[in-house]
Amino acid sequence: MENNYMLSVKNLKKYFNTPTGVLHAVDDVSFDIPEGTTLGVVGESGCGKSTLGRTVLHLHKKTSGQIFFNGKDISEINKHEFHELRKEMQIIFQDPFSSIDPRMSVRQLIAEPLKIFKLCKSKEEIEKKVKETMDTVGLASRLADSYAHELDGGRRQRIGIGRAIILDPKFIVCDEPVSALDVSIQAQILNLMQDLQAERNLTYIFITHNLSVVKHISNDIMVMYLGCAVEKASSTDLFKHQYHPYTKALISAIPRVNLDDKSVRIPIKGELVSPIDPKDQCRFAPRCEYACDKCFASAPTLEEVEPGHFVACHRVRELNNL
Ligand code: SF4
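Presented here is a report on the structure given in the accompanying data block. Everything numeric in this text was worked out from a predicted model, so none of it was measured. (Residues numbered from 1 in each chain as written. Predicted model: local features only at pLDDT ≥ 70, side-chain atom pairs only at ≥ 80, totals over all residues. Heavy atoms only, no water.)

Details of the pattern of salt bridges
For step 1, the next point in the chain: Scanning all chains against the criterion turns up 17 salt bridges.
For step 2, the next point in the chain: Among the salt bridges present, the one from Asp 32 reaches Lys 10, with a minimum N-O distance of 3.4 Å. Here Asp 32, found in strand β2 (residues 21-34), pairs with Lys 10, found in strand β1 (residues 5-18); they are 22 residues apart in sequence, far enough to count as distant.
For step 3, the next point in the chain: Overall, the relative accessible area of 23% leaves Lys 10 in the partly exposed class.
For step 4, the next point in the chain: Across the salt bridge formed by Asp 175 and Arg 54, the nearest N and O atoms sit 3.0 Å from each other. Residue Asp 175 is located in strand β7 (residues 171-175), and its partner Arg 54 is located in helix α1 (residues 49-56); the two are separated by 121 residues in the primary sequence.
For step 5, the next point in the chain: Here the residues in one salt-bridge network are Arg 107, Glu 127 and Asp 145, joined through shared partners. (Salt bridge = Lys/Arg side-chain N within 4 Å of Asp/Glu carboxyl O. Helix = DSSP H or I, 4+ residues; strand = E, 2+ residues; numbered from the N terminus. Buried < 20%, exposed > 50% of the residue type's maximum accessible area, 1.4 Å probe, protein only.)

Remarks on the sheet that holds β1
For step 1, the next point in the chain: The antiparallel open sheet is built from four strands, whose spatial order is β2-β1-β4-β5. This sheet does not close on itself; its edge strands, each paired only once, are β2 and β5 (72-73).
For step 2, the next point in the chain: Where α1 meets the sheet, its contacts fall on β1, β2 and β4 (64-69), and the angle it forms with β1 comes to roughly 115°. (Pairing = 2+ DSSP bridges. Contact = heavy atoms within 4.5 Å. Axes fitted to C-alpha atoms, helices over the stretch in contact; angles between N-to-C directions.)

Considerations on the site of the ligand
For step 1, the next point in the chain: Around the ligand lies a shell formed by His 244, Pro 245, Cys 282, Ala 285, Cys 288, Tyr 290, Ala 291, Cys 295, Cys 313, His 314 and Arg 315.
For step 2, the next point in the chain: Among the residues forming the shell around the ligand, the class breakdown is eight nonpolar, two polar and one charged. (Near = heavy atom within 4 Å. Nonpolar A, V, L, I, M, F, W, Y, C, P; charged D, E, K, R; others polar.)

Quick look at the sheet that holds strand β8 (residues 203-208)
For step 1, the next point in the chain: Pairing is mixed across the open sheet formed by eight strands, whose spatial order is β6-β7-β8-β3-β9-β10-β12-β11. Sheet topology places β6 (89-92) and β11 (303-306) at the edges, where each strand pairs with a single neighbour. On average, each strand axis in the sheet is inclined to that of its neighbour by 20°, with strand direction left out of account.
For step 2, the next point in the chain: Lying over the sheet, helix α9 (residues 245-252) contacts β3 (38-42), β9 (220-225) and β10 (228-234), oriented at roughly 110° with respect to β9.

Thoughts on the nonpolar core
For step 1, the next point in the chain: One finds Ile 161, Met 193, Phe 206 and Leu 211 to be the most contacted residues of the largest nonpolar core, which totals 59 residues.
For step 2, the next point in the chain: Those residues in contact with Leu 211 that lie beyond four places of it in its chain are Val 42, Ile 221, Leu 238, Phe 239, Leu 250, Ile 251 and Ile 254. (Core = buried A, V, L, I, M, F, W, Y, C linked by side-chain atoms within 4.5 Å.)

Section: the packing of helix α3 (residues 106-116) against helix α4 (residues 123-136)
For step 1, the next point in the chain: The N-to-C vectors of α3 and α4 enclose an angle of 115°; their axes lie 9 Å apart at closest approach. Note on packing geometry: the crossing formed by α3 with α4 is right-handed. Of the residues in α4, those in contact with Val 106, Arg 107, Ile 110, Ala 111, Leu 114 and Lys 115 of α3 are Ile 126, Glu 127, Lys 129, Val 130, Thr 133 and Met 134. (Left-handed = near helix turned anticlockwise from the far one by under 90°.)

A look at α1
For step 1, the next point in the chain: Of all eight residues in α1, six are buried; the element is thus mostly enclosed.
For step 2, the next point in the chain: Regarding α1, the residues found buried are Lys 49, Thr 51, Leu 52, Gly 53, Thr 55 and Val 56.
For step 3, the next point in the chain: Just downstream of α1, His 58 is the residue with a positive phi angle, here 60°.

Looking at the pairing of β10
Consecutive residues of a regular strand have side chains that alternate between opposite faces of the sheet.
For step 1, the next point in the chain: In terms of burial, β10 is largely enclosed, as six of its seven residues are buried.
For step 2, the next point in the chain: Across six bridges, the pairing between β9 and β10 is antiparallel. By the bridge assignment, Met 224 is partnered in β10 with Ala 229.
For step 3, the next point in the chain: A loop of two residues connects β9 with β10, the two strands running antiparallel in sequence, and Leu 226 in this loop sits at a positive phi of about 45°.
For step 4, the next point in the chain: Looking at chain direction, β10 and strand β12 (residues 309-311) are connected through two bridges and run antiparallel. Note that in β12 the partner of Lys 232 across the bridge is Phe 310.

Quick word on the pairing of β11
For step 1, the next point in the chain: As judged from the three bridges shared by β11 and β12, these two strands associate in the antiparallel manner. If you follow Glu 304 over to β12, its bridge partner there is Phe 310.
For step 2, the next point in the chain: Two successive antiparallel strands, β11 and β12, enclose a turn made up of two residues, where Gly 308 displays a positive phi of approximately 75°.

Observations regarding the packing of helix α5 (residues 153-165) against helix α6 (residues 183-200)
For step 1, the next point in the chain: Their axes nearest at 10 Å, the elements α5 and α6 cross at an angle of 20°. For the element pair α5 / α6, the angle class is roughly parallel. The chirality of how α5 crosses α6 is right-handed. Within the contact between the two elements, α5 uses Gly 154, Gln 157, Arg 158, Ile 161 and Ile 165 and α6 uses Ile 185, Gln 188, Ile 189, Leu 192, Met 193, Leu 196 and Arg 200. (Parallel < 35°, antiparallel > 145°, perpendicular 65-115°, else oblique.)

Structure follows, in structure tokens:
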């Protein structure tokens, strides 16, 4: 038995061969998620967070590293074994419309996973399960024969959540599930996801580029930059103290509602450098105002600077008086 976590990931790497070199999408990332909790994974687009989620679910074949689910090493399991596991490990996509068949009604879409896994003995049983699930995710039964394109973004995402939970999973990768929604609808969907987690003891990886979204739903947060984890801590700690220059800039960019809050937005200058054949250096160095020679000479690794708070920065102690 490896641990008491619902999910443990050790030194996970996912590289893609491209015509110009090897793209390091996920580079040596490790984390643990206790059962019934949420790990928020945050970073700009292109930082590897979605690839991370998909690699955990075997939708991408990992390059190296280990994945433990509920204490079992699932790193090397075959397609057939993983098919069985998919009942317990689900995904919610940013735009459920892009992942579903537009010719299927709401009823058919929500029933589809039950049919794929042959989990019901009769049509009546499927119908009952679909009705219960629509109820749980807040879809009125009158919508059962509607099509996804007739519904607003919030209701479409409720279909995506219904499809994910109808199999009674233990773990869900939520890949930018509210990014395409209006702010008021975002709150409704986040509340629904939190209620489901409390009722069913679900474990989530919640992937987003928006730190303010992840703040309320995550127990722990991991900030990623160009395939690497640069800071990891509990959500409370991370919002109290950020130690990595990149995390500080991300948090400073969250819009403030309090007019007395005079904190200044820290600009991140320059563009993301290419993740293809990256040099052995801090990947944030070309954009970091504190970069020194050492930052361009070797890549920093995560170190625990306070209990449970990890940062990958050569100058973290000096810059933060730790
Ligand atoms: Fe900036 Fe250097 Fe720290 Fe990287 S290691 S974040 S370049 S100070």
